[in-house]
Amino acid sequence: MTFTIVGEARPNSFEFETSALIKASGFREYDARWWVGHPGSTKAPELNLIGVQALGMGLGTLIRRLGVGPDIVTGHDFRSYSLSIKLALVSGLMAAGARVKDIGLALSPMAYFAQFALDTPSVAMVTASHNENGWTGVKMGAARPLTFGPEEMSALKKIVLEADFDLRGGGAYEFISGFREFYVDDLTKGKHISKKLKVVCACGNGTAGAFAPEALARVGCEVIPLDVELDHAFPRYNPNPEDMQMLRAISEKVLETGADVGLGFDGDGDRCGVVDNEGNEIFADKVGLMLARDISSFHPGSAFVVDVKSTGLFATDHVLRANGATTDYWKTGHSYIKRRVAGLSAVAGFEKSGHFFFNPPIGRGYDDGLITAIVVCQMLDRNPRSSMADLCRALPLTYGTPTMSSHCPDEVKYGVVDRVVADFQTMHREGADFAGQKIVKLITVNGVRVVAEDGTWGLVRASSNKPELVVVVESPVSSERRRQMFEAVDAVLRRSPEVGAYNQTF
């Protein structure tokens, strides 16, 4: 079969219905993510259903060439178009000889769990995660519990864009009924919270609404639901626990109900956000530090992995030091942290975005927002005399920012970051003042994290799944130093006219 692969095609046209539209930039560092549009949108689509079929052909070809066999799990999140995207993907996979096991409507971690439960090496989960409506994508892996990294994504991109398919046929399809119950049973088995916790469970009307309330109730929590009804219009806000709008809604519900903790889940349920009993949003890196303190108290000598957006406290915290814990700072991205956690045999990995990874005996190495929620509740259960706010106040005080994203086209964002890195390297080499102090350290494992003499730092990196640049700032000194660092970092960014406004600030 000959496929015509195009990078642009106008909807409601002959070309759109007869060619595979699949924009090259949708093949990202470790996920695939495209804009498909929605009613009323004017932005041109980057993918059509024939393009999704081509993606399935390419993925089916790749997993064979990787030598992992033809079996693959698939599922889809709760968006109006996700089922049709998945079925087009399945048709392409089967054309390439894949044997598909479809678990239906699912969370991403449910699909990862299915790789183990169904003894299936590969996965293709159709989800746009926390992205706004109009986006779609696929999270893929062929070596459980890992997901694709740049090497696999580059190979897949080449196969698809060159239409280098091995269409051997012989594929098969099986729908796995009742898998939701199997997943929730496994998630909650042997776990019970003895302290009666009132928990706000916020799902932003995303997929997690069909899973999280029941899972938390099963382990013994009194669940206070917030936006748990499935509604793919996302009528209140995007299901993104890193977004201040969602966190503030959780905060209001916690204060209204006197809950012990608020837990928020993203669109595909692999991330968890936390609000304490006093209504304070706790950024996920601080939640990770609290969990690291707790886990290392009964697993002394534990190794942890955190992303470069995370608080500097992991390197200096006296409790972690007393427990013999070590922490490795690594590249941002669920695939990167997942691989690093596996490679270092770390007990856990934490991302500021809310992706948490737990190796056995806590988890299976992949990111699951519901496992994270249960682990947070277990921490509270082990500390009956301390509230969530108490545990947070026990951490050294720092002044951090939310993750701030500024629009920057996919085609130029990495070049902008390269220029920013070069600017900082020049300032560091020349001993120039930056934000009022000398630069003492540059961490360039993922973008650039510039560290001042007093420990105040700022990070700039390219988003791996959207046309954006990401900025995070933290100061262990004062809110004023945080502001100085942000303004200085922003001034360097503004040297590039391609950089747009931030989605949120502080």
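Preceding block: the structure.
Let us look at the structure shown here. On a predicted model such as this, the values are computed, not experimentally measured, just so you know.

So, on to the sheet that holds strand 13 (residues 281-282). Across the sheet, which stays open at both edges, the five strands sit in the order 10-9-11-12-13 with mixed pairing between neighbours. On the outer flanks of this sheet lie strand 10 (222-226) and strand 13, each paired with one strand and no other. In the packing of helix 13 (residues 369-382) onto the sheet, the strands contacted are strand 9 (198-202), strand 11 (261-265) and strand 12 (272-276), and the crossing angle to strand 11 comes to about 170°.

All right, on to empty space enclosed by the protein then. Following the criterion strictly, the structure yields one cavity of 30 Å³ or more and no others. Here the largest cavity defines a volume of roughly 100 Å³. Around the largest cavity, the lining is made up of 15 residues, and of these P241, E242, F283, A284 and K352 lie nearest the centre. Within the residue set of the lining of the largest cavity, elements represented by two or more residues are helix 8 (244-257) and strand 12. Counting residues per element, the lining of the largest cavity draws most heavily on strand 12, at three residues. Here the residues of the lining of the largest cavity sort into nine nonpolar, four polar and two charged.

Compared with the 16 Å implied by 1.5 Å per residue over twelve residues, the 16 Å span of helix 5 (residues 150-161) between its first and last C-alpha is a close match. Buried residues in helix 5 make contact with strand 1 (5-6), strand 3 (32-35), helix 2 (49-65), strand 7 (135-141) and helix 12 (334-344). A163 sits one or two residues past helix 5 and shows a positive phi near 50°.

The final tally for this structure, using the stated rule, is 39 salt bridges. Between R364 and D186 there is a salt bridge, with the nearest N and O atoms lying 3.0 Å from each other. Here R364, found in the loop between strand 17 (356-358) and helix 13, pairs with D186, found in helix 6 (residues 179-188); they are 178 residues apart in sequence, far enough to count as distant. The class for D186 is partly exposed, based on a relative accessible area of 28%.

A word on the sheet that holds strand 8 (residues 172-175). Spatial strand order, 3-7-6-4-5-8: six strands in an open sheet with mixed pairing. Of all strands in the sheet, those bounded by a partner on one side alone are strand 3 and strand 8. On average, adjacent strands in this sheet sit at an angle of 20° to one another, irrespective of strand direction. Across five bridges, the pairing between strand 4 (residues 71-76) and strand 6 (residues 122-126) is parallel. Paired with I72 across the two strands is S122, which belongs to strand 6. Here helix 4 (residues 108-117) sits on the sheet in contact with strand 4, strand 5 (99-105), strand 6 and strand 7, set at roughly 165° to strand 6.

Once that is clear, we can look at the packing of aromatic side chains. If you walk through the whole model with that rule in mind, you get 17 aromatic pairs. When the centroid spacing of 5.7 Å and the interplanar angle of 35° are considered together, the rings of F113 and F179 count as tilted. Separated by 66 residues along the polypeptide, F113 in helix 4 and F179 in helix 6 bring together distant segments of the chain. Residue F179 is classed as buried on the basis of its relative accessible area of 3%. When the ring of F314 is compared with that of F350, the centres are 6.1 Å apart and the planes differ by 25°; the resulting orientation is stacked. Of the two residues, F314 is situated in helix 10 (residues 313-316) and F350 in strand 16 (residues 348-350); the sequence distance between them amounts to 36 residues. Taken together, F113, F179, F182, Y183 and F211 form an aromatic cluster joined through their ring pairs. R364 extends its terminal NZ or CZ atom over the ring of F116, reaching a point 5.9 Å from the ring centre.

The subject of this paragraph is the nonpolar core. In this structure, I103, L263, F265, L291 and F350 are the most contacted members of the largest nonpolar core, which totals 67 residues. With nine residues, the top contributor of residues to this core is helix 13. If we skip the residues at most four places from it in the chain, L291 touches F350, F356, F358, V375, V376 and M379. L47, L93, I159 and F165 belong to the second-largest nonpolar core, a separate cluster that totals 34 residues.

The next subject is the environment of A462. If you trace the backbone, A462 turns up in strand 23 (residues 457-462). Taking the relative accessible area as the measure of exposure, A462 reaches 5% and is therefore buried. Excluding anything up to four places from it in sequence, A462 contacts K413, Y414, V417, E468 and L469.

Scoring rules and cut-offs
Within every chain, residues take consecutive numbers counted from 1 along the sequence as written. A pLDDT threshold of at least 70 governs which residues receive local features in this predicted model, and a stricter bar of 80 or more applies before side-chain atom pairs are shown or counted, although totals over entire chains, interfaces and linings include all residues. Hydrogens and water are ignored here; the side-chain numbers use all heavy atoms of the structure. Two strands qualify as a pair provided that DSSP identifies no fewer than 2 bridges between them. The helix and strand labels rest on DSSP assignments: H or I over at least four residues marks a helix, E over at least two residues marks a strand, and numbering proceeds from the N terminus. The criterion used for residue contact is that any of the two residues' heavy atoms lie within 4.5 Å. Orientation is described by axes fitted as lines to C-alpha atoms, over the contacting stretch for helices, and by angles from 0 to 180 degrees between their N-to-C directions. The method works on a 1 Å grid over the protein atoms by themselves. A cavity is a set of points holding a 1.4 Å probe that cannot get out, a pocket is an open set with protein on both sides within 12 Å along at least five of seven lines, and residues with an atom within 4 Å of a point line them. Grid points are joined across faces, edges and corners, and a volume is the space filled by probe spheres set on the points. As a working rule, the residues Ala, Val, Leu, Ile, Met, Phe, Trp, Tyr, Cys and Pro are called nonpolar, Asp, Glu, Lys and Arg charged, and the rest polar, with Gly in that last group. Take the number of residues in a helix, subtract one, and multiply by 1.5 Å to get its expected span. Salt-bridge detection follows one rule: a side-chain nitrogen of Lys or Arg within 4 Å of a carboxyl oxygen of Asp or Glu. Three exposure classes are used, based on accessible area relative to the maximum for each residue type with a 1.4 Å probe and protein chains only: buried under 20%, partly exposed in between, and exposed over 50%. Aromatic rings from Phe, Tyr and Trp, with only the six-membered ring used for Trp, were paired whenever their centres fell within 6.5 Å, and each pair was classed as stacked if the ring planes differed by under 30 degrees, edge-to-face if by over 60, and tilted otherwise. Charges are assigned to positions over rings by a cutoff of 6 Å between ring centre and Lys NZ or Arg CZ, combined with an angular limit of 35 degrees from the ring normal. The term nonpolar core refers to a set of buried residues drawn from Ala, Val, Leu, Ile, Met, Phe, Trp, Tyr and Cys, joined through side-chain atoms within 4.5 Å.

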